[in-house]
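Listed here are the chains, written in short residue letters.
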Amino acid sequence: VGGCLALAARRPVENVLAAYAIMGDHGIRAGDTVTLDHGVTGVIEMIGMYSTRLRTPAGTHVIIPNRRLADAQIE
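Residues numbered from 1 in each chain as written. Predicted model: local features only at pLDDT ≥ 70, side-chain atom pairs only at ≥ 80, totals over all residues. Heavy atoms only, no water.

Caption draft 1: Main features of the pattern of salt bridges. A full pass over the atoms with the stated rule returns two salt bridges. Between Glu45 and Arg53 there is a salt bridge, with the nearest N and O atoms lying 3.3 Å from each other. The exposure class of Glu45 is partly exposed, given its relative accessible area of 31%. We note a salt bridge from Glu45 to Arg55, for which the minimum N-O separation is 2.7 Å. Remark: Arg55 occurs in strand S3 (residues 51-55) and Glu45 occurs in strand S2 (residues 41-47); sequence separation between them is 10 residues. Through salt bridges with shared partners, a single ionic network connects Glu45, Arg53 and Arg55. (Salt bridge = Lys/Arg side-chain N within 4 Å of Asp/Glu carboxyl O. Buried < 20%, exposed > 50% of the residue type's maximum accessible area, 1.4 Å probe, protein only. Helix = DSSP H or I, 4+ residues; strand = E, 2+ residues; numbered from the N terminus.)

See below:
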């Protein structure tokens, strides 16, 4: 049972830890304009516990899991 719980909680725990890494290590915050290594450009609207929301120049939202954002190259 413990193993199953550990496997089920892996992704959410990664996202929470990545949120702290993004805010501390990367030095980005809401209002910053960023370009990510996979071609997405936008203004950070919100850094949540599990995901970060960007607004693109076209006005659409892109929601990125924090674990992916923490691994991305951010310009």
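Caption draft 2: View of the sheet that holds S3. The strand order S1-S2-S3-S4 describes an open sheet built from four strands, whose pairing is antiparallel. Each of the sheet's edge strands pairs with one partner strand only, and the pair in question is strand S1 (33-35) and strand S4 (61-65). Strand-to-strand, the axes of this sheet are offset by a mean angle of 45 degrees, without reference to chain direction. Here five bridges tie S3 to S4, and the two strands are oriented antiparallel to one another. When the sheet's bridge partners are listed, Arg53 is paired in S4 with Ile63. (Pairing = 2+ DSSP bridges. Axes fitted to C-alpha atoms, helices over the stretch in contact; angles between N-to-C directions.)

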